[in-house]
Amino acid sequence: MLRAGDQFISGRSGGVVSAFYPYRGGYLGVAPAHVFRYSGTDMLRIGPHRARVIHYCSDADIAFFLVLGPCEPTRFARPRLGDAELINSARRMGCRITDASWSIAYVVLQPGNLPGPGDSGTPVFQDGAVVGMLIAINLGTCRGTVITGEFMHSKLSEYAQSSHRM
């Protein structure tokens, strides 16, 4: 079963799925759009499944793709200041949320245990819920930028309730 934090491959690039949201008998996966721009394709492979990006958010670095296999739906929450964890299928990294708005949050990362290539999209967890998706890091300051879980959930709901056709 696929879940938030699973890694995917797109072309010669890769990233991490931040969340899964129930949609039309399948699930919308959420990933950073920049991975697909760098890979030059909107096709991806996650576990035994192949998928294609079906929507790019115009106001954020977010892409949605459809998976018809079993996925664990993601529980979203609003980020709160304090300790959190970046968790993907390869590793766990501690962090601290230092500032948060409705759409963006900033985290301080642990020196010596920083995200690297392929970690874009890693979900940020607090109390078992996804509170954000890592989209950028500054190695010089050990800080990261996160799209909040609240914002992702809003965009997923908006897309699912719209008249988009596949």
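Just so it is clear, the structure is predicted and the values come from calculations on it, not from any experiment.

The rules behind these values
- Residues numbered from 1 in each chain as written.
- Predicted model: local features only at pLDDT ≥ 70, side-chain atom pairs only at ≥ 80, totals over all residues.
- Heavy atoms only, no water.
- Helix = DSSP H or I, 4+ residues; strand = E, 2+ residues; numbered from the N terminus.
- Rg over C-alpha atoms; globule rule 2.2 N^0.38 Å.
- Buried < 20%, exposed > 50% of the residue type's maximum accessible area, 1.4 Å probe, protein only.
- Contact = heavy atoms within 4.5 Å.
- Areas by Shrake-Rupley, 256 points an atom, 1.4 Å probe, with all protein chains shown as cover.
- Lys, Arg positive; Asp, Glu negative; His and termini not counted.
- Charge placed at Lys NZ, Arg CZ, Asp CG, Glu CD.
- Expected span 1.5 Å × (residues − 1).
- Core = buried A, V, L, I, M, F, W, Y, C linked by side-chain atoms within 4.5 Å.
- Pairing = 2+ DSSP bridges.
- Axes fitted to C-alpha atoms, helices over the stretch in contact; angles between N-to-C directions.

A word on the overall build of the protein chain
Here comes step 1: For the protein chain, the helix and strand inventory stands at two helices and 13 strands.
Here comes step 2: For 166 residues, the compact-globule estimate of 2.2 N^0.38 gives 15 Å, and the C-alpha radius of gyration of the protein chain, at 15 Å, lies within 12% of that figure.
Here comes step 3: Its C-alpha atoms put the protein chain at 40 × 30 × 30 Å along the principal axes.
Here comes step 4: When the 166 residues of the protein chain are sorted by exposure, 51% land in the buried category.
Here comes step 5: Long-range pairs, those at least 24 residues apart, make up 60% of the contacts in the protein chain between residues at least 6 apart in sequence.
Here comes step 6: With the model as given, the accessible surface of the protein chain reaches about 8000 Å², and the carbon-plus-sulfur share is 50%.
Here comes step 7: Positive and negative side-chain charges in the protein chain, numbering 16 and 12 respectively, have mean positions lying 5 Å apart.

Looking at helix α2 (residues 149–161)
Here comes step 1: For α2, spanning 13 residues, the distance from its first C-alpha to its last is 18 Å, which sits close to the expected 18 Å at 1.5 Å a residue.
Here comes step 2: Close packing links the buried residues of α2 with β3 (19–23), β4 (26–32), β6 (49–56), β7 (62–67), β12 (129–138) and β13 (143–148).

A few points about the nonpolar core
Here comes step 1: Among the nonpolar cores identified, the biggest contains 22 residues, and Val30, Ile62, Phe64, Ile147 and Met152 are the most heavily contacted of them.
Here comes step 2: Those elements that provide at least two residues to this core are β3, β4, β7, β12 and α2.
Here comes step 3: When residues in this core are grouped by element, the largest group, four residues, is from α2.
Here comes step 4: Once residues lying within four places of it in the same chain are set aside, the contact partners of Ile62 are Val30, Ala31, Ala33, His55, Tyr56, Cys57, Met133, Ile147, Phe151 and Met152.
Here comes step 5: Listed in part, the 17 residues of the second largest apolar core include Phe8, Ala31, Ala33 and Ala63.

Concerning the pairing of strand β10 (residues 104–109)
Here comes step 1: Burial along β10 is one-sided: Ala105, Val107 and Leu109 are buried, and none of Ile104, Tyr106 and Val108, which face the opposite way, are.
Here comes step 2: Joining the antiparallel neighbours strand β9 (residues 92–100) and β10 is a turn of three residues.
Here comes step 3: In this structure, β10 lies alongside β13, joined through five bridges in antiparallel fashion. In the sheet register, Val108 faces β13, and the bridge partner there is Arg143.

Here's the deal with the sheet that holds strand β11 (residues 123–126)
Here comes step 1: Spatial strand order, β8-β9-β10-β13-β12-β11: six strands in a closed barrel with antiparallel pairing. Averaged over all pairs of adjacent strands, the angle between their axes in this sheet comes to 45°, without regard to strand direction.
Here comes step 2: Here strand β8 (residues 82–87) runs beside β11; their pairing, made up of two bridges, is antiparallel. Along β11, the bridge assignment pairs Leu86 with Val124.

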